[in-house]
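Understanding the architecture of this molecule
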Amino acid sequence: MKILYATSEAVPFCKTGGLADVAGSLPPSLAAEGAEVAVVLPLYQQVRERFGSQLEFLCYDYVDLAWRHLYCGLFSLEKDGVTWYFLDNEQYFNRPELYGYADDGERFAFFSRAVVRMLGHMKFWPDVLHCNDWQAALIPVYLKDDGVREDRFLSIRTVLSIHNIEYQGRYNPYILGELFGLDAGWVEDGTLLMDGDLNLLKGAILCADAVNAVSPTYANELKMPYFAHRLDGIIRQCEYKLYGVLNGIDMNLYNPAEDPRITTNYSLENLAGKDEDKAALQKMMGLRQEPYTPILAVVSRLVSHKGLDLICEVLHDIMALPVQLVILGKGDRKYEEFFHWAAQQYNGRMAVSLDYNEELSMSIYSGADLLLMPSKSEPCGLSQMIAMRYGTVPIVRETGGLKDTVQAYEAQWDSGNGFSFANYASGDMLYVIREAVYLYKDYPDVFSRLRKRAMDCDFSWARSAKEYLRIYANVTGQHAALLESPPETEAAPAEAAPKAEETAVPETPAETAPEAAAAEAAAPAAPVEEPEKSEKKTAGAAKRKTAEKKSAAAPKKKKGAAK
């Protein structure tokens, strides 16, 4: 099977967030499973500066975007069994940053258009074109638009991954032809129109052959208005093609036994090096050298959906505990100013770095004892997986991928790989922070076993890659050996969250009835049925009894304010 992965960023070439980690590690894992894989992304200035000498120039062509006739160069690089393609246009991409420019809509419209028009210059014609987020959302639209005139595009199936539905690519509908080069019919029939705006992500959801959310719980949450940022109606309409595949991490890159970015290497069998990394972190951040005081860390963008309001509400209560606090990140000014002020109040016990530094983040993952992620919403989250890999126990709110990856500590059964709370409430968060801190202080042997269970989790891409191949097989019909059942792994507490299952295709598919899509989007949000109720309606009596037995045998959480 031939797969082309289209993304706006990928490690090690360029990165601003978790999308880059996924785009850098999933394609090599797919290649390891036997697929023929290529990745295409823009040739940014920072890519040219760091990897320019390794890139091979293949050819150039001209891409038409509305009235513009634009140069597009094609470069390539072979790495990890994957062909990496880079689309060159200095007007759009020769800039110091990846995003944040007034013409981002035009820049990524060019990228999407160029991906489609440069396919003939690549080494294979893809069976599947896998697009990511709003920056590549016009690719399924352009493929359908060009497919009306050129039959060769009809063979390509498209998959869209939603890494964060909050970012949708919204623009004035009057620029549809001028900026994107599309006919007004795409707005008039409702495919690209949402709340009076052009909505590129909505168009991709309707036009793609499969839609993937990056964790099972997030796929279910996107059907709810609270999480979907007004796209819940469209998601429910397209539920028949909705999947929820949990992201993974590169277990070789994030390996405390061999990682050159940390002070001292250590492993699950010998954790002595982690104490040295903790001492180094305390010295680096200006904290007191207290080996038996737990370090609580926050490594995050400083924005509201990361749950920072909860931390601000009870910061003084947190600092009343025998704990040190480290915060790394940048974002909204109000959070930056608050944490900068707070660090001055707790000199030697709280340290803040208002930046994002990859090396410092690894020092925190390896040197801290606890990682706090109280997210209001979290599609998947990679920080908690990286932290567990380095023996830093996570404290998370049960949402999205956090719920799928972190199993709450159970004192009665001495089980779990972290701490969690369900309600978005600062009191509940404070409750589990206290529980974690006092477990560290009063029961070091128990905390050590908890730490080792976290380190022992397998968050590799092996399982997820097989599930992606199953999606590709479903949309292309190339079932064959690709439909082998993925192996069970210990790091799959995702079974606690309902996966988005395929349902029967409605009589009027989304891609052929945009009017219906628009009507559905305008309609009041339908109530989302609880997974347990749905199961009772469909399962037989024997299945219900089995489920009841499993439920009775499962460890029960401790009573208290937090789950």
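Residues numbered from 1 in each chain as written. Predicted model: local features only at pLDDT ≥ 70, side-chain atom pairs only at ≥ 80, totals over all residues. Heavy atoms only, no water.

Section: the overall build of the protein
Of the regular secondary structure elements, the protein holds 24 helices and 18 strands. Here the protein holds 563 residues, and the buried ones make up 57% of them. Of the contacts formed within the protein by residues at least 6 apart in sequence, a portion of 73% connects residues at least 24 apart. As displayed, the protein offers around 23,500 Å² of accessible surface, 49% of which is attributable to carbon and sulfur atoms. (Helix = DSSP H or I, 4+ residues; strand = E, 2+ residues; numbered from the N terminus. Buried < 20%, exposed > 50% of the residue type's maximum accessible area, 1.4 Å probe, protein only. Contact = heavy atoms within 4.5 Å. Areas by Shrake-Rupley, 256 points an atom, 1.4 Å probe, with all protein chains shown as cover.)

Structural notes on the nonpolar core
Formed by 142 residues in total, the largest nonpolar core has its most connected members in F86, L129, F180 and I205. Per-element tally for this core: the top contributor is helix α4 (residues 104-117), with seven residues. Once you skip the residues sitting within four places of it in the chain, L129 turns out to touch L4, A6, V115, L119, I139, L143, I156, R157, T158 and V159. (Core = buried A, V, L, I, M, F, W, Y, C linked by side-chain atoms within 4.5 Å.)

So, the confidence of the model for the protein
Summary statistics for the protein give a mean pLDDT of 87 and a share of 85% for residues scoring 70 or more. Low confidence marks residues 485-563, where pLDDT is under 50. Its contacts with residues over four positions away, or in another chain, come to 112 contacts. (pLDDT = per-residue confidence, 0-100.)

Examining the sheet that holds strand β14 (residues 324-328)
Across the sheet, which stays open at both edges, the six strands sit in the order β15-β14-β13-β16-β17-β18 with parallel pairing between neighbours. The two strands at the open ends of the sheet, each matched to only one other strand, are β15 (350-353) and β18 (419-421). Looking at each pair of strands side by side, their axes are set apart by 15 degrees on average, direction ignored. On the sheet, helix α15 (residues 333-345) packs against β14 and β15 and is oriented at approximately 145 degrees with respect to β15. (Pairing = 2+ DSSP bridges. Axes fitted to C-alpha atoms, helices over the stretch in contact; angles between N-to-C directions.)

Side note on unusual backbone geometry
Note the cis peptide between V11 and P12, where omega equals 5 degrees. Looking at where P12 falls in the secondary structure, it is placed in the loop between β1 (2-6) and α1 (18-32). Although it is not a glycine, D80 adopts a positive phi angle of roughly 55 degrees. Among the secondary structure elements, D80 is positioned in the loop between β4 (68-79) and β5 (82-88). Classification of D80 by relative accessible area gives partly exposed; the value is 48%. Here R230, not a glycine, exhibits a phi torsion of approximately 75 degrees, which is positive. The class for R230 is exposed, based on a relative accessible area of 52%.

So, the side chain of T217
Counting through the fold element by element, T217 comes out in helix α9 (residues 216-221). Of note is the side chain of T217, whose polar atom sits 2.6 Å from the side chain of D404. (Polar contact = N/O pair within 3.5 Å; in protein donor to acceptor, adjacent residues only side chain to side chain.)

Here we look at the pairing of strand β13 (residues 295-299)
Counted residue by residue, β13 has five buried out of five residues, so it is predominantly covered. Of the two faces of β13, the one carrying I295, A297 and V299 and the one carrying L296 and V298 are both buried. Bridge count between β13 and β14: five bridges; the pairing is parallel. The partner of A297 across the bridge, within β14, is V326. Relative to strand β16 (residues 370-373), β13 runs parallel, the two sharing two bridges. Opposite A297, over in β16, you have L371 as the bridge partner.

Re a nonpolar patch on the surface
A surface patch of nonpolar side chains, about 340 Å² in accessible area, is lined by F57, Y60 and Y62. One can find F57 in strand β3 (residues 56-65). (Patch = residues over 30% accessible without salt bridge, like charges linked within 9 Å, V, L, I, M, F, W, Y side chains within 5 Å. Salt bridge = Lys/Arg side-chain N within 4 Å of Asp/Glu carboxyl O.)

What about the pattern of salt bridges?
If you walk through the whole model with that rule in mind, you get 31 salt bridges. A salt bridge links R48 to E90; the nearest nitrogen and oxygen atoms lie 4.0 Å apart. Of this pair, R48 sits in helix α2 (residues 45-51) while E90 sits in helix α3 (residues 90-93), placing them 42 residues apart in sequence. Since its relative accessible area comes to 28%, R48 is described here as partly exposed. Residue E90 is classed as partly exposed on the basis of its relative accessible area, which comes to 47%. The salt bridge involving R68 is made with E106; its shortest N-O contact spans 3.2 Å. Of this pair, R68 sits in strand β4 while E106 sits in helix α4, and the two are 38 residues apart along the sequence. Considered together, R68 and E106 belong to a single accessibility category, that of buried residues.

Re the packing of helix α5 (residues 138-147) against helix α8 (residues 200-207)
Where α5 contacts α8, the axes come no closer than 7 Å and their chain directions differ by 55 degrees. By the angle class used here, α5 and α8 are oblique. Both α5 and α8 take part in a crossing whose hand is left-handed. Together, L138, P140, V141 and K144 of α5 and L200, G203, A204 and C207 of α8 make up the contact between the two elements. Its residues placed into classes, the contact of α5 with α8 shows six nonpolar, one polar and one charged. (Parallel < 35°, antiparallel > 145°, perpendicular 65-115°, else oblique. Left-handed = near helix turned anticlockwise from the far one by under 90°. Nonpolar A, V, L, I, M, F, W, Y, C, P; charged D, E, K, R; others polar.)

Quick word on the sheet that holds strand β6 (residues 128-132)
As summarised here, the arrangement of the nine strands in space is β3-β4-β5-β2-β1-β6-β7-β11-β12, forming an open sheet in which the pairing is mixed. With one partner strand each, in any of the chains shown, β3 and β12 (242-244) form the two edges of the open sheet. Averaged over all neighbouring strand pairs, the angle between strand axes comes to 25 degrees, with direction disregarded. Strand direction decides the pairing type here: strand β2 (residues 36-42) and β5, joined by five bridges, are parallel. For L41, the partnering residue across the bridge sits in β5 and is F86. Its contacts with the sheet put α1 on β1, β2, β5 and β6, and the angle it makes with β5 is roughly 140 degrees. Sheet strands touched by α5: β1, β3, β6 and β7 (157-162). Its angle to β6, the strand with the most contacts, is close to 140 degrees.

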